[in-house]
Amino acid sequence: MAEKPQPVVVQYCQVCGLPPEYCEFGPEFDKCKPWLIQNAPDLYPDLLKAANANEADKVADQLQSTGISSAGSGGSSEAKQEEVKRLPGGKIKKKEKKEVIIEKVVRNKRKCITTVKGLELFGVKLSDASKKLGKKFATGASVVKGPTDKEQIDVQGDISYDIVEFITDTWPDVLETSIFFIEDGKKVPAA
């Protein structure tokens, strides 16, 4: 009888998370090179040759870059790594900007909904904000999940003319320079 085929064990790059054959197409091929030389030298023989040729240069560069000042800067490099969040596949998640975006959506020809996004970035509780907006403008206001699964406030009616002044007066942490309108698909500053 024939033997049962065994499953293939795939080795993944510890830097980018891709199989070594695809590291060159990944976002961080330069960072993957040392790992590839050590763990998969048969896949990239050119890297091995280049590594042997440049090994002396790398050692000299490392000696020049090492010093007393580099020991103190080690903590700052860790802080930079915390700011940038890595997602699977080598994608980088950018830190969100603190800004409030106000958008007017027209439905059923005459009805409008004003959408307020980004208030939570300033430490504002969205449920309290929706109550205050509803009372101030005498309309219905609710907290809903937007298309990007982030919570936003939907207010019935076109209140975009007064909402900037109300937001800056009610929450002093929100500056007028950090409030933007979306008009015709373009982001326009409110100030």
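In case you missed it, the structure is sitting above this.
Residues numbered from 1 in each chain as written. Predicted model: local features only at pLDDT ≥ 70, side-chain atom pairs only at ≥ 80, totals over all residues. Heavy atoms only, no water.

J.: I keep staring at the overall build of the chain and nothing clicks. Help me out?
T.: Scanning the chain from terminus to terminus reveals six helices and eight strands. For the chain, the N- to C-terminal ordering of α and β elements is α-α-α-α-β-β-β-β-α-β-β-α-β-β. Residue burial in the chain is summarised as follows: out of 191 residues, 28% are buried. For the chain, contacts bridging at least 24 residues in sequence account for 38% of all contacts bridging at least 6. As displayed, the chain offers around 14,200 Å² of accessible surface, 53% of which is attributable to carbon and sulfur atoms. (Helix = DSSP H or I, 4+ residues; strand = E, 2+ residues; numbered from the N terminus. Buried < 20%, exposed > 50% of the residue type's maximum accessible area, 1.4 Å probe, protein only. Contact = heavy atoms within 4.5 Å. Areas by Shrake-Rupley, 256 points an atom, 1.4 Å probe, with all protein chains shown as cover.)

J.: I keep staring at helix α1 (residues 29-39) and nothing clicks. Help me out?
T.: Among the residues making up α1, those that are buried are Phe 29, Cys 32, Trp 35 and Leu 36. Projected down its long axis, α1 shows its buried positions confined to an angular sector of 115°, all on one face. Within α1, the exposed residues directed more than 90 degrees away from the buried face are Asp 30, Lys 31, Pro 34 and Gln 38. (Arc of directions from axis to C-beta.)

J.: What is the right way to read the nonpolar core from this model?
T.: Note on soluble globular proteins: their nonpolar side chains tend to be buried together. The biggest cluster of nonpolar side chains holds 21 residues, and the ones touching the most others in it are Val 100, Leu 119 and Ile 167. Those elements that provide at least two residues to this core are β3 (100-107), α5 (126-137), β6 (151-156), α6 (163-170) and β7 (179-183). Setting aside residues no more than four positions away along its own chain, Leu 119 makes contact with Val 100, Val 124, Leu 126, Ala 129, Ile 153, Ile 167, Trp 171 and Val 174. With 10 residues, the next largest nonpolar core counts Cys 23, Phe 29, Leu 36 and Tyr 44 among its residues. (Core = buried A, V, L, I, M, F, W, Y, C linked by side-chain atoms within 4.5 Å.)

J.: Explain the pairing of strand β8 (residues 186-189) to me, please; I cannot follow it from the model alone.
T.: On any regular strand, side chains alternate: one points to one face of the sheet, the next to the other face. In this structure, β7 lies alongside β8, joined through four bridges in antiparallel fashion. Its bridge partner being in β8, Glu 183 is matched across the sheet by Lys 186. Here β7 folds back onto β8 in antiparallel fashion, the turn holding two residues, of which Asp 184 has a positive phi close to 55°. (Pairing = 2+ DSSP bridges.)

J.: Could you clarify how one ought to interpret the environment of Lys 98 in this entry?
T.: Checked against the element boundaries, Lys 98 lands in the loop between β2 (92-93) and β3. Residue Lys 98 is classed as exposed on the basis of its relative accessible area of 55%. For Lys 98 and Leu 175, which are 77 residues apart along the polypeptide, the C-alpha to C-alpha distance reads 10.0 Å. Apart from the residues lying within four places of it in its own chain, the contact partners of Lys 98 are Leu 121, Phe 122 and Ser 178.

J.: So what exactly am I meant to see when it comes to the pattern of salt bridges here?
T.: Between side chains of opposite charge, pairing is possible as soon as their charged atoms come close. As enumerated under the stated definition, the model contains four salt bridges in all. Linking Lys 33 and Asp 30 is a salt bridge whose minimum nitrogen-to-oxygen distance equals 3.5 Å. Here Asp 30 and Lys 33 lie together in helix α1, a separation of three residues that amounts to about one turn. Classification of Asp 30 by relative accessible area gives exposed; the value is 61%. Between Lys 117 and Glu 103 there is a salt bridge, with the nearest N and O atoms lying 3.3 Å from each other. A residue pair is termed long-range when its members are at least 10 positions apart, and Lys 117 in strand β4 (residues 111-117) and Glu 103 in strand β3 qualify at 14 residues. (Salt bridge = Lys/Arg side-chain N within 4 Å of Asp/Glu carboxyl O.)

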